[in-house]
4 protein chains.
Amino acid sequence: MNSVRTDLAVEAREMYCEKTENGDNGVRVDTKRIEDIEITTVDVLNDKGEERIRKQKGTYITLDIPKVTLYDSEDIEEISKVFADELSKIISKAKLDSSMTVLVVGLGNWNITPDSLGPKVIGKLMVTRHLKKYIPDSIDEGIRPVCAVAPGVLGITGMETGEIIRGIVQNIKPDLIVCIDALAARKMGRVNSTIQIGNTGISPGSGVGNMRMELSQKTLGVPVIAVGVPTVVDAATMANDTIDIVIEKMKGEVSEDSKFYSLLKAIDTEEKSQLIYEVLNPYVGDLLVTPKEVDMIMETLSKIIASGINIALQPALELSEINKYVN
Amino acid sequence: MNSVRTDLAVEAREMYCEKTENGDNGVRVDTKRIEDIEITTVDVLNDKGEERIRKQKGTYITLDIPKVTLYDSEDIEEISKVFADELSKIISKAKLDSSMTVLVVGLGNWNITPDSLGPKVIGKLMVTRHLKKYIPDSIDEGIRPVCAVAPGVLGITGMETGEIIRGIVQNIKPDLIVCIDALAARKMGRVNSTIQIGNTGISPGSGVGNMRMELSQKTLGVPVIAVGVPTVVDAATMANDTIDIVIEKMKGEVSEDSKFYSLLKAIDTEEKSQLIYEVLNPYVGDLLVTPKEVDMIMETLSKIIASGINIALQPALELSEINKYVN
Amino acid sequence: MNSVRTDLAVEAREMYCEKTENGDNGVRVDTKRIEDIEITTVDVLNDKGEERIRKQKGTYITLDIPKVTLYDSEDIEEISKVFADELSKIISKAKLDSSMTVLVVGLGNWNITPDSLGPKVIGKLMVTRHLKKYIPDSIDEGIRPVCAVAPGVLGITGMETGEIIRGIVQNIKPDLIVCIDALAARKMGRVNSTIQIGNTGISPGSGVGNMRMELSQKTLGVPVIAVGVPTVVDAATMANDTIDIVIEKMKGEVSEDSKFYSLLKAIDTEEKSQLIYEVLNPYVGDLLVTPKEVDMIMETLSKIIASGINIALQPALELSEINKYVN
Amino acid sequence: MNSVRTDLAVEAREMYCEKTENGDNGVRVDTKRIEDIEITTVDVLNDKGEERIRKQKGTYITLDIPKVTLYDSEDIEEISKVFADELSKIISKAKLDSSMTVLVVGLGNWNITPDSLGPKVIGKLMVTRHLKKYIPDSIDEGIRPVCAVAPGVLGITGMETGEIIRGIVQNIKPDLIVCIDALAARKMGRVNSTIQIGNTGISPGSGVGNMRMELSQKTLGVPVIAVGVPTVVDAATMANDTIDIVIEKMKGEVSEDSKFYSLLKAIDTEEKSQLIYEVLNPYVGDLLVTPKEVDMIMETLSKIIASGINIALQPALELSEINKYVN
């Protein structure tokens, strides 16, 4: 999972600008609501915008979705379609015609449930490139060639995800890449209820087990659309925020010049990591906070994402036709 | 998972008495070390002891085990054997001969990884009752009849675990019951590194999804040995402890009569749950903190527990013979 | 899995009587077609009928369903509803009101994919008994209390399925039992494309690993409805039928009085099992013939069966409401 | 799974030459026995040998192993070591030093249990390349860099396995490739009891779902060692062989000039496929014959293969050290 800092444009927007902007400052922000889904579109238009919001030039769409259960096929289908509409908008910027090949990449570790979203999505995709290539007569004219891979993570393969993807891209020569990844959120409120789509690729995390190489047009020579869903909060983040909340609370109660106020600031800085260490020891940096039914939730989310991608990549087909192809 | 409060006798001991005691106060505590495993035996001898340590009369053995990985079969075997020795001591108090039947019960929810320990153990047991009953000539004289069940949880079956087990006990008439359960720990330090064995049965948790009926000689008419391993910390517990640590830290720094000291106490009491709510919202009370590789860890722990139970229940067999029987 | 011989009433009907009968001979047979689903209802009315068709007095409904894929939610829903209608007819004979409790039993071995249908169905049911009992206000008036269990098989538990179910029935006191089981079919053509519903309970298979105790009103004191789906052909059956086909073929070509004809009959009798042994050695009697994608197929079938049972047991609810309850 | 025809050199040897040969005819065959394991080494020395045995020039080692159960760690370890010795012999021909990188490729479809051997092995390997590359100080000098991938199958990815592997090879530049694949056997007797090692790469199967591109030094520019285990018999093969056995049996009983003998030959040729069709319809060509506990067996075999590869690739380590690295 990528580190929280760079993940959610919508959080960046909250930190740095207004709920809606007209673009004069290099950032355009629009929000709308479809059924229970709130959609925020952040366009970073130029260097001015990049600086302001600390995100690369590009478009970032965030969907806040309601909770759904695995067997609630109606809601799942409805959310999939709204997600597909937004994804289509970003894909359209890449100017593909229906004969162009798309490679879908499911990032993450299938052995760690909340990180298994990407691989699970791959298993539910409508994969067609081999049919188009080897038995074209078996499928409709208008069907787009789609291929898919879950490359695994450094700890499982011993190889950089980027090394594997680059190798595949060199041989398959897709016209567009769509990456799916599970993210770490800062707030529990975002976990499993936010889908982010962006067209600036995926930035690297850090340390063994995370990606080091950026996946983007710059590194792969093909446009890269990233779909991310926050599925966990890092326990260290949670402990950190808990401490902040306590300290903030108390700061409110004492005068800024009191010697105690400086004590609070002291904790805030030097001693905080020590406190966090006391709480998490011996697992520091390796703990996840997840809802109990995380397995079920990953099933549901992967169904929504996969179905949305299938719809967006195969505009010529009905969902019911698509589902007959999914193995 | 049962609530943390009543779970670990070793924590109760830490709270209420010395590292070793001779029993004069109704509690005998012995600690010893075998290889890397520290073993603490707490005997609650009488009412005086019960009151002192807030645990029922009986024996509680706690093993602190080192971390092992799934494929490290040597360490797994070694820990299994030490665990088997301690389990045998408690079983011996039940005065079974080798012809008597044991029912092993794997408690917990197989859909929630850190709660799936019990069901996973059941899948790795040497089950023999049907062989003894239907094809006795197929197995050695000295083999004890063992049967096993993972009854599931209230949310899956719609039935109390106690109702299911009582029904089975009435029909199978075992001479001893061994229950395995995943517990919630108070400290991360205990998670996946402590095995507790007790002969006073299992106390109920509370609320839908937890057990309401005690599993014990009193409710089932058969001696009940409980094997428990803490596999998670509840996120609310962690947030709570984090706040405590901050407050403790600061209490140390201000004089007890300062108006700020009373502020700290105020937070400590009224406002704490409000703070916790802010941190965990909207998942309050439903969040688990686990190490990333919890799936792998459950595999390893279930191997250790199952293997230990197999050894303790089949004293006539070598581990290598036992493993040929496990399906 | 139960042995094929007694399983499919529709095969018995094929062997012993006409495609439709008016009941004069103790058997009434009706066939109808809904969409792509062919439905055959066989009523065995009296002893005369029992003798004729070699099945107990009762009603047997067989649905021949088209192949569907896992993500084809529309077809799955449609088949579920047709199945639910037929199941409701048989349930109605048990004269339940909506307050009466139903216990659903998922038979079979979850470690053997084609035998895991029953346990998989249990995981997809709407279970409500605990809600009705402990938090009645949380759910609608008209919701029926349903509980469910997958008891496992003799080889896993060391206990007769019948012993476990009887114990549960004694404690839970349900008003109706619905059992789901995977069957062995005689012909590949039936595998995964036939659903049978009957109200005469489940007859025992034989040998360790199979049931010995009948599950029926006679043994459990509660009406028992059985839902069965053939998911495999036993390899020995297939080899046997292959040999028959060859021999039949040749019998057609030689005159009945030729010495070769008697040779064919000889093979047919004495030597056949020897031939089968040669083919299957060393796995005789332990081999299954399944389609490659059996895992996917079990997922799909369990969805259809579970959804149909949910609909039939909760007439007061829409499928979309039901699915919100399924965990 | 690859087609049976080209798979087992030991079967080719049985068909075309003696149990042992000295090489005069271009083929050297040696057999030996270690514990319960029979080992046959077939060296195809030159064109003469190639023609005689219909296999490419190279070395083919076949181990006939006894049945073992999943928890029988002693036997698993012993077989792993014997397999490792033979694998080492073939690796040694590739003249690697300990600093050279090996890529292990787990072929097959993880959604089809008997075809999931390769992917399962990947999950149990000691993967080290990333450690050597990013944190070399964390591991011993003598540890060889190993990376691993399970590329999936055409039906899942829409890409040729060969295209994916070639891309990875171009980027990672390994010095040796080891491929693991599940094979189809001709006889049940071979299923799950034979391990074949060869140094001539993997030949393509045919049709969608199978490989089209050969994996070999010729296509990848790196030596390719193939490890194969037959895990199924195709149902059509079994039906075919069943018919043959019947016909052979009868041919023995009638004189070659009888008109019936020609009838038998007729069936043998034209009508056979028609008969097979009658038996397998509607699943023709898509049916597998497997032992009931195939899931358990794949677990066990993948443990043996993975452990053997780990030992052979890391001569500097004890198995116990290796297992501490396996995640």
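None of these values were measured; they are calculated from a predicted model. (Residues numbered from 1 in each chain as written. Chains lettered and ligands numbered in written order. Predicted model: local features only at pLDDT ≥ 70, side-chain atom pairs only at ≥ 80, totals over all residues. Heavy atoms only, no water.)

**Some details on the interface of chain A and chain B**
Worth spelling out the cut-off: Here a residue-residue contact requires only that any non-hydrogen atoms of the pair lie within 4.5 Å. What gets called buried area is simply the loss in accessible area from a 1.4 Å probe that two parts show on being joined, summed for both. Under this definition, polar contacts are N or O atom pairs within 3.5 Å; protein pairs additionally need one hydrogen-donor-capable and one acceptor-capable atom, and for neighbouring residues in sequence, both atoms have to be side-chain atoms. A helix here means a DSSP run of H or I that spans at least four residues, while a strand means a run of E at least two residues long, and both kinds are numbered starting from the N terminus. When residues are sorted by character, Ala, Val, Leu, Ile, Met, Phe, Trp, Tyr, Cys and Pro go into the nonpolar class, Asp, Glu, Lys and Arg into the charged class, and all the rest, Gly among them, into the polar class. Two strands are counted as paired when DSSP detects at least two bridges linking them.
Between chain A and chain B, the residue contacts involve 41 residues of the former and 41 residues of the latter. Carbon and sulfur atoms make up 72% of the surface buried where chain A meets chain B, a total of about 3800 Å² over both sides. A per-residue breakdown of the area chain A buries against chain B is headed by Val279, Tyr283 and Lys292 of chain A, which together make up 17% of the total. The interface formed by chain A and chain B contains four residue pairs in polar contact (both at pLDDT 80 or more). Counting only elements with at least two residues in the side of chain A that touches chain B, the list comes to α9 (235-251), α10 (259-280) and β10 (287-291) of chain A. Broken down by element, the side of chain A that touches chain B gets its largest block of residues, ten residues, from α10 of chain A. In terms of residue class, the side of chain A that touches chain B is built from 24 nonpolar, seven polar and ten charged. The pairing of β10 of chain A with strand β10 (residues 287-291) of chain B spans five bridges and is antiparallel. Of the residues in β10 of chain B, the one forming a bridge with threonine 290 of chain A is leucine 288 of chain B.

**Notes on the interface of chain D and chain B**
The following threshold applies: Any carboxyl oxygen of Asp or Glu that lies within 4 Å of a side-chain nitrogen of Lys or Arg is treated as forming a salt bridge with it.
Chain D puts 15 residues into the contact, and the matching count from chain B is 15 residues. Taken over both partners, the interface formed by chain D and chain B buries close to 1400 Å², and the fraction arising from carbon and sulfur atoms is 51%. In terms of surface lost to chain B, no three residues of chain D exceed Tyr71, Asn323 and Lys324 of chain D, which account for 41% of the buried area on that side. The tally of links from chain D across to chain B stands at zero salt bridges. Taken together, chain D and chain B are joined by two residue pairs in polar contact (both at pLDDT 80 or more). Secondary structure elements with two or more residues in the side of chain D that touches chain B: α3 (73-92), α11 (294-313) and α12 (319-325) of chain D. Along the lines of polarity and charge, the residues of the side of chain D that touches chain B split into three nonpolar, six polar and six charged.

**Some details on the relation of the copies chain A and chain B**
For clarity, the cut-off: Overlaid copies result from least-squares superposition on C-alpha atoms, with residues included only where pLDDT is at least 70 in both.
Superposing chain A onto chain B takes a rotation of 180° combined with a translation of 0.0 Å along the rotation axis, leaving an RMSD of 0.1 Å. Expressed as a symmetry operation, the mapping of one chain copy onto the other fits a two-fold axis. The position closest to the rotation axis in chain A is occupied by the C-alpha of valine 289 of chain A, lying 2.3 Å away. Of the residues that chain A buries at the interface, 100% are likewise interface residues in chain B, meaning the two copies contact each other through the same surface.

**Some words on empty space enclosed by the protein**
This is how it is decided: Whether a set of points on the 1 Å grid over the protein atoms alone is a cavity depends on a 1.4 Å probe fitting there but being unable to get out, while an open set qualifies as a pocket with protein on both sides within 12 Å along at least five of seven lines; lining residues are those with an atom within 4 Å of a point. Grid points are joined across faces, edges and corners, and a volume is the space filled by probe spheres set on the points.
Summed over the entire model, instances satisfying the criterion amount to nine cavities of 30 Å³ or more. If you go around the largest cavity, you meet 29 residues; those closest to its centre are Ser73 and Lys303 of chain B together with Leu70, Ser73 and Lys303 of chain D. Of the residues assigned to the lining of the largest cavity, the class counts are twelve nonpolar, ten polar and seven charged.

**Describing the packing of helix α7 (residues 161-172) of chain B against helix α7 (residues 161-172) of chain C**
Heads up, the condition is: Lines fitted to C-alpha atoms define the axes, with helix axes restricted to the stretch in contact, and inter-axis angles between N-to-C directions lie between 0 and 180 degrees. Roughly parallel covers angles under 35 degrees, roughly antiparallel covers those over 145, roughly perpendicular covers 65 to 115, and oblique covers all other angles. Crossings are assigned a handedness: left-handed for a near helix turned anticlockwise from the far helix by less than a right angle, right-handed for a clockwise turn.
For the pair α7 of chain B and α7 of chain C, the least separation of the axes is 7 Å and the interaxial angle reads 125°. The orientation of α7 of chain B with respect to α7 of chain C, classified from their angle, is oblique. Crossing geometry of α7 of chain B relative to α7 of chain C is assigned as right-handed. The residues of α7 of chain C that touch α7 of chain B, namely those facing Glu163, Ile164, Arg166, Gly167, Ile168, Gln170, Asn171 and Ile172 of chain B, are Glu163, Ile164, Arg166, Gly167, Ile168, Gln170, Asn171 and Ile172 of chain C. Tallied by class, residues from the contact of α7 of chain B with α7 of chain C come to six nonpolar, six polar and four charged.

**Concerning the relation of the copies chain D and chain B**
When chain D is fitted onto chain B, the two copies agree to an RMSD of 0.1 Å after a turn of 180° and an axial shift of 0.0 Å. Here 100% of the contact residues of chain D are again contact residues in chain B; the copies associate through an equivalent surface.

**Brief notes about the environment of valine 229 of chain C**
Residues and elements named next belong to chain C. Counted only if it meets this: Relative accessible area decides the class of each residue, using a 1.4 Å probe on protein chains only: under 20% of the type maximum gives buried, over 50% gives exposed, and in between gives partly exposed.
The topology assignment puts valine 229 in strand β9 (residues 224-234). Valine 229 sits in the buried class, given a relative accessible area of 0%. Valine 229 sits 72 residues away from leucine 301 along the chain, and the two C-alpha atoms are 8.6 Å apart. Beyond its immediate sequence surroundings of up to four residues, valine 229 is in contact with Leu117, Asp181, Ala182, Leu183, Asn192, Thr194, Ile195, Leu301 and Ile305.

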